[in-house]
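Understanding the architecture of this molecule
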Amino acid sequence: MKAFAVTFICSAVVLSAQNSAPKTPVLIIDGQNNHDWQHTTPLLKKILEDTELFQVEVLTTPPKGGDFSRFLPQFEKYRAVISNYNDFGGGSVWPAEVQAAFEEYVRAGGGFVSYHAADNAFPNWPAYNLMIGVGGWEGRDERSGPFWYFQDASLVSDPTAGPAGNHGARKPFQVTMRNQTHPIAKGLPEVWMHAADELYSRMRGPGEHMTVLGTAFSDPQNRGTGYDEPMLIVLSYGKGRVFHTTLGHDAEAIRCVGFISTFARGVEWAATGKVTQKVPDDFPGATKVSTREIIP
């Protein structure tokens, strides 16, 4: 009985310590986007909070054409910043002082996560494009950098001229992990089925200090390129870690357990340099989509 009591007490102490461990502060920035940020941000926030690892705050910018004079994020308060923002279609570019502060934040070791259409943003901000590695739309072309894709299991840099950014109709597709040793990818199946989503292709940019973790085949029968296109990417910018996911167009795509897991793992890695989360039992296999309800 005494041994049982000691074991029970020790277990309770360990559990209490885990529950009281300080959470990692992260910031989601939204407010303008050609996607439905009003609905996707609460889902992203809930995914992170459900891990019990993060303290999540949301900063919503002024609307298109609004006054950005008071948009002064305190980046240094957070271990990582997640962008659900873009200036697609004449939206607002962040003020120069905010750009400079963000560059310094990441260069000094802050984490950055580019979520889905955040890679449409800021085509004329050189440092931002170095952070995300590849981007699409908004006038990007060969001057922005080469196309990047996988061909014959190798990453290709293609300088062919032409506009950046393309996707077909939203359909389920397989994601193939090209690197299974990185902390984000470790333990994930080599191939897994993602829920219906936009499969970005023809993405181009500087591609410096970039590692592609996962790709998906861009089917020519669905306006695709015929290449395996980058879906999950990690980069470095100075001392900062960047996780770039092109996945997650809408609630249906976000509910995919593959998205939920890679997003949360990517945020943890960007913020801390490690991943402590286990691969969930319901992570999708190669042929069947696995989803969860997310209720903010």
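The coordinates are above.
Attention in this report is confined to the structure presented alongside it. Source: prediction; values computed, not measured.

Some remarks on the packing of helix H2 (residues 37–50) against helix H6 (residues 257–272)
One way to put it is that H2 packs onto H6 with a least axis distance of 10 Å and a crossing angle of 70°. Of the possible angle classes, the one that applies to H2 and H6 is roughly perpendicular. Taking contact as the criterion, the partners of Leu44, Ile47 and Leu48 in H2 are, on H6, Phe259, Ile260, Phe263, Ala264 and Val267. Class assignment of the residues belonging to the contact of H2 with H6 gives a composition of eight nonpolar, no polar and no charged.

Here's the deal with the environment of Gly31
Among the structural elements, Gly31 can be located in the loop between strand E1 (24–30) and H2. The exposure class assigned to Gly31 is buried, which follows from its relative accessible area of 10%. In the structure, Gly31 is positioned 234 residues away from Arg265 in sequence and 24 Å away in space, judged by C-alpha atoms. Each residue touching Gly31, except ones within four places of it in the same chain, is listed here: Trp37, Thr60, Thr61, Pro62 and Tyr85.

A look at the environment of Asp67
Note on placement: Asp67 falls in the loop between strand E2 (54–60) and strand E3 (80–83). Sequence separation between Asp67 and Ser92 is 25 residues; the distance between their C-alpha atoms is 9.6 Å. At 2.8 Å, the side chain of Asp67 and the side chain of Ser69 are in polar contact.

Comments concerning the nonpolar core
Leu48, Ile82, Phe259 and Phe263 are the most contacted members of the largest nonpolar core, which has 41 residues in total. At eight residues, the largest contribution of residues to this core is made by H6. Not counting residues up to four positions away in its chain, the partners in contact with Phe259 are Leu44, Ile47, Tyr115, Trp192, His194, Thr245, Leu247, Gly248, Ala253 and Ile254. The next biggest cluster of nonpolar side chains, apart from the first, holds 33 residues, and it includes Leu27, Phe75, Tyr128 and Met131.

What counts and what doesn't
- Residues numbered from 1 in each chain as written.
- Predicted model: local features only at pLDDT ≥ 70, side-chain atom pairs only at ≥ 80, totals over all residues.
- Heavy atoms only, no water.
- Axes fitted to C-alpha atoms, helices over the stretch in contact; angles between N-to-C directions.
- Helix = DSSP H or I, 4+ residues; strand = E, 2+ residues; numbered from the N terminus.
- Parallel < 35°, antiparallel > 145°, perpendicular 65-115°, else oblique.
- Contact = heavy atoms within 4.5 Å.
- Nonpolar A, V, L, I, M, F, W, Y, C, P; charged D, E, K, R; others polar.
- Buried < 20%, exposed > 50% of the residue type's maximum accessible area, 1.4 Å probe, protein only.
- Polar contact = N/O pair within 3.5 Å; in protein donor to acceptor, adjacent residues only side chain to side chain.
- Core = buried A, V, L, I, M, F, W, Y, C linked by side-chain atoms within 4.5 Å.

Shape is all these values report; function is a separate question.
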